[in-house]
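Chain by chain, the residues run as shown.
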Amino acid sequence: QVQLVESGGGLVQPGGFLRLSCTVSGNFFRIYSMGWYRQAPGKQRELVATITSSNSTNYVDSVKGRFTLSRDNAKNTVYLQLNSLKPEDTAVYYCNAEIVSLARVTFAYWGQGTQVTVSS
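Cut-offs and rules
Residues numbered from 1 in each chain as written. Predicted model: local features only at pLDDT ≥ 70, side-chain atom pairs only at ≥ 80, totals over all residues. Heavy atoms only, no water. Phe/Tyr/Trp six-rings, centres within 6.5 Å; stacked < 30°, edge-to-face > 60°. Buried < 20%, exposed > 50% of the residue type's maximum accessible area, 1.4 Å probe, protein only. Lys NZ or Arg CZ within 6 Å of the ring centre and 35° of its normal. Disulfide = S-S within 2.5 Å. Helix = DSSP H or I, 4+ residues; strand = E, 2+ residues; numbered from the N terminus.

## Quick look at the packing of aromatic side chains
The description of two aromatic rings rests on the distance between their centres and on the angle between their planes. One pass over the structure, following the stated rule, counts two aromatic pairs. Taking 6.3 Å as the distance between ring centres and 65° as the angle between the ring planes, the aromatic pair formed by Phe107 and Tyr109 counts as edge-to-face. When its relative accessible area of 24% is taken as the criterion, Tyr109 is described as partly exposed. If you follow Arg45 out to its NZ or CZ, it ends over the ring of Tyr94, 3.8 Å from the centre. One cation-aromatic arrangement involves Arg45 over Trp110; the distance from NZ or CZ to the ring centre is 4.7 Å.

## Considerations on the state of the cysteines
A complete count under the given rule lists one disulfide for this structure. What pairs with Cys22 in a disulfide is Cys95, and their sulfur atoms sit 2.0 Å apart. With the S-S dihedral at roughly -85°, the linkage between Cys22 and Cys95 falls on the left-handed side. Here Cys95 lies in strand β9 (residues 91-100) and Cys22 lies in strand β3 (residues 18-25), a separation of 73 residues in the sequence. In this structure, Cys22 and Cys95 share a single accessibility class: buried.

Quick look at the structure:
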């Protein structure tokens, strides 16, 4: 059973920082891309950042220069460093991963979500 376990959310003041992590556990063949999405109250879930297995990254314009996504393939973990946080970054952040099963079928998996609140 493949699982994505997230950690690192919390309450932070504007201008502050947080680091989110997401670890994939279970039995699988390989992981393709991983990334983070977020959903604010009353809004649709949006892509924040993605990273491929070769460490190519992509960011939504609103976080470019403030957020950094990195990946440790040996630990099956991605890290999202959130700097210069703004109140509009407040949302539930979800980890996502494209994982190839032992049967060589690709599935998309989601974490349970971690709350990030930016407020003074």
